[in-house]
Amino acid sequence: MKRTLLAALFLAFSGVPCGAAEAPRPALREYDILRAFPPGRLAALSAGDIPDANGFTGNNRAHGSWIESGPQRGSCRGVIAAVVAGDLAAADNAWRGIDVTFAHQRPDGGFVANPQVNGKIASAFNANVETTYFFLQELGHAILVIRQSPHEAHFQDRLAALEPKLRRAADYLNSGYDTMPPKSGTR
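The model shown is predicted, which means the values in this text are computed figures rather than measured ones. (Residues numbered from 1 in each chain as written. Predicted model: local features only at pLDDT ≥ 70, side-chain atom pairs only at ≥ 80, totals over all residues. Heavy atoms only, no water.)

### Notes on helix α5 (residues 73-85)
Alright, step 1. Relative to the 18 Å expected for 13 residues at 1.5 Å per residue, α5 spans 19 Å between its end C-alpha atoms, a close match to the ideal helical length.
Alright, step 2. Of all the residues in α5, the buried ones are Gly-74, Ser-75, Cys-76, Gly-78, Val-79, Ile-80, Ala-81, Ala-82, Val-83 and Val-84.
Alright, step 3. Next to the buried residues of α5 lie α2 (30-35), α3 (41-45), α6 (88-103), α7 (125-148) and α8 (152-175).
Alright, step 4. Note on α5: the residue one or two positions beyond its end, Gly-86, has a positive phi of about 75 degrees. (Helix = DSSP H or I, 4+ residues; strand = E, 2+ residues; numbered from the N terminus. Expected span 1.5 Å × (residues − 1). Buried < 20%, exposed > 50% of the residue type's maximum accessible area, 1.4 Å probe, protein only. Contact = heavy atoms within 4.5 Å.)

As structure tokens, this is what we get:
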């Protein structure tokens, strides 16, 4: 009897409904969550993610030349912020970074890697899989937001053209799946 009373008191004060079932809430979509950010906040967070005149972001922009695919994930964040803001001209501008990345795709699905100023290069298989992973992770996020937005039709042709390239990149990534966990925290 004492346990039943304690359980009832806990439920009464915890906000857990007793008896009547709550109507299920619709699942929140990523696009909706990002739209809930205060106006301008997402744009401010991604201000450095707009590609330069060459379509480069991140370290590629800092070096002024193509180094590897991973730094290009910034362009994906730029697309996300622009889509959420409903600014399709800015989204098109940020998309240039995605186009530039896929212009550097190799036949095996990976991406060209060139030496950095310090001599490091992500051409070794493990390093190339890792940099490909980081770019594809953010690109997948951008595609999810685009597809959940009212602007999906604007990107329809680009997404269709990207699909075979994405499949090759995903196959490449899958071929090196066992190399990813140590640095990317997957699994």
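This is not the end of the story, as more comes after the structure.
### So, the packing of α7 against α8
Alright, step 1. Interhelical geometry of α7 versus α8 gives an angle of 155 degrees and a closest axis separation of 10 Å. Between α7 and α8, the crossing angle belongs to the class labelled roughly antiparallel. As for the relative orientation of α7 and α8, their crossing is left-handed in sense. Across the interface between the two elements, Phe-125, Asn-128, Val-129, Thr-132, Tyr-133, Leu-136, Leu-139, Ile-143, Ile-146 and Arg-147 from α7 touch Glu-152, Phe-155, Leu-159, Leu-162, Leu-166, Ala-169, Ala-170, Tyr-172, Leu-173 and Ser-175 from α8. (Axes fitted to C-alpha atoms, helices over the stretch in contact; angles between N-to-C directions. Parallel < 35°, antiparallel > 145°, perpendicular 65-115°, else oblique. Left-handed = near helix turned anticlockwise from the far one by under 90°.)

### Let's talk about the pattern of salt bridges
Alright, step 1. Within the structure shown, the criterion is met by six salt bridges.
Alright, step 2. A salt bridge links Asp-92 to Arg-158, with the shortest nitrogen-to-oxygen separation between them at 2.6 Å. Note that Asp-92 is positioned in helix α6 and Arg-158 in helix α8, a separation of 66 residues in sequence.
Alright, step 3. Judged by its relative accessible area of 27%, Asp-92 falls in the partly exposed class.
Alright, step 4. Looking at Arg-158, the relative accessible area reads 23%, which means it is partly exposed. (Salt bridge = Lys/Arg side-chain N within 4 Å of Asp/Glu carboxyl O.)

### Some words on the side chain of Ser-46
Alright, step 1. Relative to the helices and strands, Ser-46 resides in the loop between α3 and α4 (58-63).
Alright, step 2. Ignoring anything within four residues of it in the chain, the contact list for Ser-46 reads Arg-77 and Ala-81.

### Topic: the nonpolar core
Alright, step 1. Formed by 35 residues in total, the largest nonpolar core has its most connected members in Val-83, Trp-95, Ile-98, Phe-102, Phe-135 and Leu-139.
Alright, step 2. Per-element accounting of this core gives the leading share, nine residues, to α7.
Alright, step 3. Those residues in contact with Trp-95 that lie beyond four places of it in its chain are Val-79, Ile-146, Phe-155, Arg-158, Leu-159 and Leu-162. (Core = buried A, V, L, I, M, F, W, Y, C linked by side-chain atoms within 4.5 Å.)

### So, the environment of Asp-178
Alright, step 1. In this structure, Asp-178 sits in the loop between α8 and α9 (181-184).
Alright, step 2. Here Asp-178 falls in the exposed class, since its relative accessible area comes to 62%.
Alright, step 3. Each C-alpha atom of the pair Asp-178 and Val-129 lies 10.0 Å from the other, and the pair is 49 residues apart in sequence.

### A few points about the packing of aromatic side chains
Alright, step 1. Within this structure, the stated rule accounts for five aromatic pairs.
Alright, step 2. Summarising the aromatic geometry, the rings of Phe-102 and Phe-135 are spaced 5.7 Å apart at their centres and angled 65 degrees between planes, so their arrangement reads as edge-to-face. Taken as a pair, Phe-102 in helix α6 and Phe-135 in helix α7 lie far apart in primary sequence, 33 residues in all.
Alright, step 3. Accessibility expressed as a relative area gives 6% for Phe-102, which makes it buried.
Alright, step 4. Take Phe-135: its relative accessible area is 0%, and that puts it in the buried class.
Alright, step 5. Between Phe-111 and Phe-135 the ring centres are 5.9 Å apart and the planes differ by 75 degrees, which places this aromatic pair in the edge-to-face class. Pair noted here: Phe-111 is in the loop between α6 and α7 and Phe-135 is in helix α7, with a separation of 24 residues, a long-range link. Like Phe-135, Phe-111 is buried.
Alright, step 6. Put simply, the rings of Phe-102, Phe-111 and Phe-135 touch in pairs and so form one group of aromatic residues.
Alright, step 7. Cation over ring: Arg-158 sits above Trp-95, and NZ or CZ is 5.4 Å from the ring centre. (Phe/Tyr/Trp six-rings, centres within 6.5 Å; stacked < 30°, edge-to-face > 60°. Lys NZ or Arg CZ within 6 Å of the ring centre and 35° of its normal.)

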